[in-house]
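# Examining the three-dimensional arrangement
For reference, the chains in residue letters:
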Amino acid sequence: MKLLCTDKNQSVTADPGDPAIRQTVCPYCRTSDWTDLGNCCELAELGSPDTPEVIREIAEASRDSKLAQCDRCGLLFRCPQPSRDDLRRLYRNLPATIWRYDSSSMGSWMTAKKHLLSQHPGSQPVSVLDVGAFDGGFLKCLPDTWRKYAVEPSPLGQEELRKSKIRWIADSAEDVVLDSEPDGFDVVTLFDVFEHLPDPAETLRVLADLVKPAGRLMVSTCNARHWSWRMMRGQHWYLHSVQHVCFANPAFFRSWGQQHGMKVESHFSHAHQIAGSTARLKHSLEVVHAWATQNGKYYLSRLIQSLPGMGHMAHKQGVVFANTLQDHQLVVFRRLESSTP
Ligand SMILES: [Zn+2]
């Protein structure tokens, strides 16, 4: 018997031979020592009648998953989480959907664009590779003179890319061949992908390899240190999909950068969706209300319900999709001139 899970109130021992327990090692550093942060929220895949059967079956296996935090590297992860094979099956069976984003409302894209333009103000062309680019929405925000490349597995996304001046080069980052940019890319970006990674160590290593010396790797994902994460833990809206399995805080990325010759040049907090102060205040109150209700602080719940425009919370059930809060982070790594990631 091995001690697997501890928190302030309990210690749990489990048989490491149990197949369910074998899935519960940290997906980054593989330790089995983690802290239990509570049950994860209901999965959207289980609540929708349109979910394909194969995806429903995979989500069903994660119905009672917990949010865990690795005691060694600090990564938060779904526990247990779908195996790598199950995730592959899940993505193969996703309904073909064309994602249309209003680029001006995308917090990650706008923050990254502003930073890149400030770092490359001249007319010198810059080579940028977006991993998980879909139809190239982010790349289209950048100057026409820059050399733009996309990694995208979806046939629908590739079809859209062919209509643009963006060059599709591979299905996955592992398959990229550095022919056009033999020294690597000036910039490699990864938006809203990190949380899907079954093996974040391997993917980050591959991405760092694609960056030229002194180039930049930009990763945008949730920030598990944001106050809404610390209040909601497993009930945070970002856990609503079984596709989301890894959640990082700034310290995790700083530590990874130090170990791989990738210095954190800048760190930005941003919202998933850019919105005005009224929408942000409403989402903040909704999160506090959900926390108060879950923790029996009914006086606080009633107080929030009594505020103008908040009466609907009296009947609110399920996850609060507070996607206008600054609960995301953009980490900009600069590859050291002499480093080998
Ligand atoms: Zn770990």
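Bear in mind the structure is a predicted one, so any value in this text is a computation, not a measurement. (Residues numbered from 1 in each chain as written. Predicted model: local features only at pLDDT ≥ 70, side-chain atom pairs only at ≥ 80, totals over all residues. Heavy atoms only, no water.)

### Things to note about the domain arrangement of the protein
Domains assigned within the protein are domain 1 (2–92), domain 2 (108–274 + 323–335) and domain 3 (277–315). Spacing between the C-alpha centres of domain 1 and domain 2 amounts to 25 Å. Listed per partner, the contact involves 29 residues of domain 1 and 27 residues of domain 2. Roughly 2,300 Å² of surface becomes buried between domain 1 and domain 2 when both sides are summed, with 60% attributable to carbon and sulfur atoms. On the domain 1 side of the contact with domain 2, Tyr-28, Cys-41 and Arg-78 bury the most area, a combined 26% of that side's loss. Counting across the interface, domain 1 meets domain 2 through 2 salt bridges. Between Asp-199 and Arg-30 there is a salt bridge, with the nearest N and O atoms lying 3.6 Å from each other. The interface formed by domain 1 and domain 2 holds 12 residue pairs in polar contact (both at pLDDT 80 or more) in total. Class assignment of the residues belonging to the side of domain 1 that touches domain 2 gives a composition of 17 nonpolar, 6 polar and 6 charged. (Domains from an automatic or database assignment. Contact = heavy atoms within 4.5 Å. Buried area = accessible area lost by both parts, 1.4 Å probe. Salt bridge = Lys/Arg side-chain N within 4 Å of Asp/Glu carboxyl O. Polar contact = N/O pair within 3.5 Å; in protein donor to acceptor, adjacent residues only side chain to side chain. Nonpolar A, V, L, I, M, F, W, Y, C, P; charged D, E, K, R; others polar.)

### A look at the coordination of the zinc ion
Coordination sphere of the zinc ion, protein contribution only: Cys-26 (SG), Cys-29 (SG), Cys-70 (SG) and Cys-73 (SG), at 2.3 Å. For the zinc ion, the 4 donor atoms are set out with angles of 97 to 121 degrees between them, so the coordination reads as tetrahedral. Each donor residue of the zinc ion lies on the same chain, and together they follow the pattern C-x2-C-x40-C-x2-C. Within this pair, whereas Cys-26 is found in the loop between helix 1 (19–22) and strand 3 (34–39), its partner Cys-70 is found in strand 4 (residues 66–70), the two being separated by 44 residues in sequence. Per residue, the accessibility class of Cys-26 equals that of Cys-70, and both read buried. (Donors = N, O, S within 2.8 Å, 3.2 Å for Na, K, Ca; no water. Tetrahedral: all angles 85-135°; square planar, octahedral: opposite > 155°, others 65-115°. Helix = DSSP H or I, 4+ residues; strand = E, 2+ residues; numbered from the N terminus. Buried < 20%, exposed > 50% of the residue type's maximum accessible area, 1.4 Å probe, protein only.)

### Quick notes on helix 6 (residues 155–162)
By the burial criterion, the buried members of helix 6 are Gly-157, Gln-158, Glu-160 and Leu-161. Summarising the axial view, the buried residues of helix 6 lie within an arc of 160 degrees, below the 170-degree limit, and thus occupy one face. The exposed residues of helix 6 that point more than 90 degrees off its buried face are Pro-155 and Arg-162. Along its buried surface, helix 6 packs onto strand 7 (147–151) and strand 8 (167–170). (Arc of directions from axis to C-beta.)

### So, the sheet that holds strand 12 (residues 262–270)
Backbone-to-backbone hydrogen bonds pair the strands of a sheet. The strands run either parallel or antiparallel. In spatial order, the strands read 8-7-6-9-10-13-12; together these 7 strands make up an open sheet with mixed pairing. Only two strands of the sheet have a single neighbouring strand rather than two, namely strand 8 and strand 12. On average, each strand axis in the sheet is tilted by 20 degrees relative to the strand beside it, whichever way the strands run. Both strand 6 (residues 127–131) and strand 7 contribute to a ladder of 5 bridges, which runs parallel. Counterpart to Val-128 in the pairing with strand 7 is Lys-148. The strands touched by helix 5 (residues 107–119) within the sheet are strand 9 (185–191), strand 10 (211–222), strand 12 and strand 13 (328–335), with strand 12 carrying the most contacts at an inclination of about 130 degrees. On top of the sheet, helix 7 (residues 200–210) reaches strand 6, strand 9, strand 10, strand 12 and strand 13; it is set at about 140 degrees to strand 10, its chief contact. (Pairing = 2+ DSSP bridges. Axes fitted to C-alpha atoms, helices over the stretch in contact; angles between N-to-C directions.)

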